[in-house]
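# Descriptive analysis of the structure
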Amino acid sequence: ITADAYMLEAASDTWTRVQAEGTVPSARAAHAAACVDHSQMVIYGGATGGGSLSSDELFLLDIRNEERSQWMSVPVLGPTPGRRYGHTMTFNKPLLIVFGGNNGQQAECDIWVLDVERSPFQWNEVSVIQTGSHARCPLPRVYHSAEVCREGPAAGMMVVFGGRTPDNRSLKDIWGLRQHRDGRWDWVEAPTKRGTPPEPRFQHSAIFLNSRLLIVGGRGSDVNKALPTAVYDTETCEWRNVASVNRFRHACWGMGPLLFSYGGFDHKSPSAPTADLQVLDLDRAIAASLATTGGALEEVANDAEESSALRAAAPDSVMNLQSGGGAASASRAPLGSTGSREPLRPATPPRREGAARATPAVPAASEHWSGDVRVSRDVYVSMEKDFTHLVKKVAIESLEDEGRKINHANVMANVGQAAVAPGGISHFVIEHLLQPTTWQPDPDPNRFLLHAAEVGQLCEQVLEIFKSQDMVLKLRAPIKVYGDIHGQYLDLMRLFARYKAPTDGDNGDIDSMDYLFLGDFVDRGSFSLETVCLLFALKVKYPGQIHLIRGNHEDPTINAIYGFRDECRRRLKEDTDEPDSCWNKFNRAFEYLPLGAVVEDRILCLHGGIGGSIDNIKQIDEMERPVHVAQIPQTPHEQRITDILWSDPSDNDSVLGVTTNLTRDPDGTGRIVKFGPDRLKDFLAANKPLSMVIRAHECVMDGFERFADGKLITVFSATDYCGHHKNAGALLFIRRDLTVVPKLIYPVERNVNSWDQSMLQQRPPTPPRPVPRARRLGEDENGDW
């Protein structure tokens, strides 16, 4: 048993022993370690031999200053997880999470967390919610694996696999631990839809490569039997076996599609530790697995013979690597020189020159997310005739409007806390209107669910919330972003039915998801009152998770002539000219709406655009409420408001600069403009780490459309705009890893005319963005959704 720490320089394949000063932890085994920063690692627990356990101290190794690495004991107040071994520790920013292990007398299944951004530091034991008489949670275990998923449907979960029970029984179950927005924690048992789960095992390793979980090595009841590497796809909930690394009690990590395994025990000589470094090319290994099973996902045997067959099918999928520092022995070429393979990128960004030594505390871990904001290559499409539940996952290339852009040379590679409802109005509205699969319009088009006095009360409640918010909201992922709705309540319900709704009931995800609506809730459609009242009620009930920003139709001058005022007069039986009419109360609330939102410091969301006058986010954030929109801007301030609410991207990426928007400004006053890709790129460069803009305001045929090499996305949520264009509607799902996933619905035949026909005759709709349209959906369904 040692207290040594080594580093592997991936570019040169060289091991270096860390010569660190400070409080060095005692020699130990079966401990847990986690990285909390690019060059900082913490360790906890372990066994020291002879039946003794290590102390319950938390140690930090800081190697940011390469010439003076430092060990330190982190001061912690209060109780700790206690002495234990065979446990796991993961870092899910900002929390260190310790789970399971053996305390010297028995195996545990407890969970402890430490917030590294909250000083003084202290451990807190997690109480997991148990709902229903059949609620399940993992058994006590030791020598299991745990890893945090960063991408895909399980993003943000700590995923646990396998281990050994107190009665020495090996396990093969897989669980996800998640924390809800209201602070509650619960366990979710992962489903298996296709394939066969791997054999029970312990003393294995687990890592995530993108959205795929790899269960690597380990041992079962027969220590001489090598176990295949098992791959669990969180997108499709399917298992597949690939070649084995033939190790247990080893260490693993990943870079790109490559899995690295170091040390551990070989099944052929299980009493002698090894010092070799192996690498598995996951793409090649999966291809070999498909070849051996004929591409089918039938049940596959988990045995050494299958592992040998998988290795034989792809002899280069697993290889040993010669290390330059003497810490690993092997037979193949060093990293970066494996035949035709491209040189490997470093596992972490370069260390900062001259970084100062940290104070004796866990770092704040407050750096910005360093990965790219990107658009998923898959799009989810609702295929219903009306309220059925078939959703297909199709390649983005199958949507011609968007697919023709993905191979452009310059395009990006891949591009609250719940509050108690303050009164009965919001609860009543949500209960009666939030019915994604069953809502139907009132047979009387001149009647509304609420009386005028109740609508007025709802407006007053939400106004107080808007007054308390910043002009530019600071939001977190995951989050769903909706574009223009324009009173198309049926489309809003269809989107909620297909892709989950902001509720804590069945088919709801408000406990783990934020929602952002980019304005233009009202006008042109027949159900503006349903739309805006539901959004206001949701805002009252979930003020920290439902977010509304202003569109150009949230303006009395506009919604007086595009249908909303007439709908209030007709359905609420009111005189809209009265100062205290509901229509005026709606517009007073609209004048306090935020004008923008920033997601994870990387994505700016607003209704229109940046025009020619918005140079930085501070210009938006410093605007004072109430915001009045000038019909003919006379000052720079008024022009900025017009640009935020009314400007559009230029017709295509070849039109540069700031040009007059003749579609919206036929008189050519120059007050409403279009901005080119050069203008957008300059704006993003001046507002780092911002790297994308999401906006609404324009009908786009596929429901979403990219601009400026994917640095801007337009989203439009109402289908068949004004009954003329047959466009799709969409929402954008921004995952925790900042992958932007479009989710679509297409127009359906309806018995109810949901667009205001009299308004269409008086004021024809603004045409969609000028792109050709042709949709081609593949015959095969990609994924099981």
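Located above this text is the structure these notes cover.
I will try to describe carefully the structure that is included in this document. (Residues numbered from 1 in each chain as written. Predicted model: local features only at pLDDT ≥ 70, side-chain atom pairs only at ≥ 80, totals over all residues. Heavy atoms only, no water.)

### Focus on the sheet that holds strand β21 (residues 229-233)
What counts here: Two strands make a pair as long as DSSP finds a minimum of two bridges between them. Put simply, DSSP marks the helices as runs of H or I at least four residues long and the strands as runs of E at least two long, and each gets a number from the N terminus on. Structural elements are reduced to axes, namely lines fitted to C-alpha atoms, with helices fitted over the stretch in contact, and the angle between N-to-C directions of any two is expressed from 0 to 180 degrees.
Reading across from one edge, β19-β20-β21-β22 is the order of the 4 strands in this open sheet, with antiparallel pairing throughout. Looking at which strands have only one partner, the edges of the open sheet turn out to be β19 (205-209) and β22 (238-242). Looking at each pair of strands side by side, their axes are set apart by 25° on average, direction ignored. Relative to β22, β21 is paired through 5 bridges, and the arrangement is antiparallel. Bridging from a neighbouring strand, T229 pairs with V242 of β22.

### Topic: the sheet that holds strand β8 (residues 58-62)
In spatial order, the strands read β3-β9-β8-β5-β4; together these 5 strands make up an open sheet with mixed pairing. Sheet topology places β3 (21-22) and β4 (32-37) at the edges, where each strand pairs with a single neighbour. Bridge count for strand β5 (residues 40-44) against β8 is 5 bridges, and the pairing is antiparallel. If you follow I43 over to β8, its bridge partner there is F59.

### A look at the side chain of Q278
The criterion, for reference: Remark: exposure states derive from per-residue accessible area (1.4 Å probe, protein chains only) relative to the maximum for the residue type, with buried under 20%, exposed over 50%, and partly exposed in between. We define a polar contact as two N or O atoms separated by no more than 3.5 Å, with the added condition that, inside protein, one atom must be a possible hydrogen donor and the other a possible acceptor, whereas residues neighbouring each other in sequence contribute only through side-chain atom pairs.
Looking at the secondary structure, you find Q278 in strand β27 (residues 277-281). Classification of Q278 by relative accessible area gives buried; the value is 5%. A distance of 2.9 Å separates a polar side-chain atom of Q278 from the backbone oxygen of V245.

### Observations regarding the side chain of S69
This is how it is decided: The contact definition used throughout considers only heavy atoms, calling two residues in contact when any of these lie within 4.5 Å.
With respect to the helices, strands and loops of the structure, S69 is situated in the loop between β8 and β9 (70-74). Taking the relative accessible area as the measure of exposure, S69 reaches 5% and is therefore buried. Excluding residues within four positions of it along the chain, S69 makes contact with V18, Q19, A20, E21, D62 and I63.

### Considering unusual backbone geometry
In this chain, S119 is followed by P120 through a cis amide linkage whose omega measures 0°. Following the sequence through the fold, P120 ends up in the loop between β13 (107-115) and β14 (121-125). In the segment running from A477 into P478, the intervening peptide bond is cis, with an omega of 5°. Secondary-structure assignment places P478 in the loop between β32 (472-475) and β33 (479-482). In this structure, K500 takes a positive phi of about 80° despite not being glycine. Take K500: it is sitting in the loop between α6 (489-499) and β34 (514-517). Here K500 falls in the partly exposed class, since its relative accessible area comes to 41%. Here the phi dihedral of D720 falls at roughly 45°; this positive angle occurs in a residue that is not glycine. Along the chain, D720 falls in the loop between β43 (712-715) and β44 (729-734). D720 sits in the buried class, given a relative accessible area of 14%.

### Comments concerning the environment of D222
Tracing the backbone through its elements, the reader meets D222 in the loop between β20 (212-216) and β21. Put simply, D222 and R201 are 21 residues apart on the chain and 10.0 Å apart in space, counted from C-alpha to C-alpha. A distance of 3.0 Å separates a polar atom in the side chain of D222 from the backbone nitrogen of N224.

### As for the state of the cysteines
Keep this limit in mind: Criterion for a disulfide: a pair of cysteine sulfur atoms at a distance within 2.5 Å.
Summed over all chains, the structure comprises 0 disulfides. The structure places no disulfide on C582, whose sulfur is separated from the nearest cysteine sulfur, that of C459, by 6.2 Å. By relative accessible area, which is 3% here, C582 ends up buried.

### Observations concerning the pairing of β13
With 7 of its 9 residues buried, β13 lies for the most part within the structure. Note: strand β12 (residues 95-102) against β13, 7 bridges, orientation antiparallel. Opposite N102, over in β13, you have A107 as the bridge partner. Where β13 and β14 come together, 3 bridges link them in antiparallel fashion. Considered in β14, the bridge of V113 is made with N124.

### Structural notes on helix α9 (residues 564-571)
Filter applied, for reference: Note: the arc covers the axis-to-C-beta directions of the helix.
For α9, the set of buried residues is F564, E567, C568 and R571. Buried residues in α9, looked at end-on, bunch into an arc of 100°, giving them a common side. Looking at the buried residues of α9, the elements they touch are α7 (528-541), α8 (556-559) and α10 (582-590). Directly beyond the C-terminal end of α9, a positive phi value near 55° is found at K573.

### Digging into the pattern of salt bridges
Convention followed: The working definition used for a salt bridge is a side-chain nitrogen of Lys or Arg within 4 Å of a carboxyl oxygen of Asp or Glu.
Under the definition given, this model contains 32 salt bridges. With a shortest N-O distance of 3.3 Å, D266 and R247 are connected by a salt bridge. Within this pair, whereas D266 is found in strand β26 (residues 265-266), its partner R247 is found in strand β23 (residues 247-248), the two being separated by 19 residues in sequence. On the basis of relative accessible area, D266 is assigned to the buried category, the value being 19%. Across the pair R447 and D442 runs a salt bridge, and its minimum N-O distance is 2.7 Å. Residue R447 is classed as partly exposed on the basis of its relative accessible area, which comes to 42%.

### Focus on the packing of helix α5 (residues 452-467) against α10
Between two packed helices, both the angle of their axes relative to each other and the distance between the axes serve to describe the pair. Filter applied, for reference: Angular relationships are summarised with four words: roughly parallel below 35 degrees, roughly antiparallel beyond 145, roughly perpendicular across 65 to 115, and oblique for the angles in between. Each residue is assigned to one class: nonpolar for Ala, Val, Leu, Ile, Met, Phe, Trp, Tyr, Cys and Pro, charged for Asp, Glu, Lys and Arg, and polar for all the others, Gly among them.
For the pair α5 and α10, the least separation of the axes is 9 Å and the interaxial angle reads 10°. On the basis of the axis angle, α5 is roughly parallel to α10. Here A452, V455, G456, C459, E460, V462, L463 and F466 of α5 come into contact with α10, specifically with C582, K585, F586, R588 and A589. When the residues that make up the contact of α5 with α10 are grouped by side-chain class, the tally is 9 nonpolar, 1 polar and 3 charged.

### Notes on the packing of aromatic side chains
Which entries qualify depends on this criterion: Stacked, tilted and edge-to-face are the three classes applied to pairs of Phe, Tyr and Trp rings, where Trp contributes its six-membered ring and a pair requires centres within 6.5 Å; stacked means planes under 30 degrees apart, edge-to-face means over 60, and tilted covers the rest.
Inspection of the entire model under this criterion finds 24 aromatic pairs. A centroid spacing of 6.2 Å and a plane angle of 85° characterise the contact between F496 and Y515, whose relative ring orientation is edge-to-face. Pair noted here: F496 is in helix α6 and Y515 is in strand β34, with a separation of 19 residues, a long-range link. In this pair, the class of F496 matches that of Y515, namely buried. Counting every residue linked through ring pairs, the aromatic cluster contains F466, F536, F564, F586 and F590.

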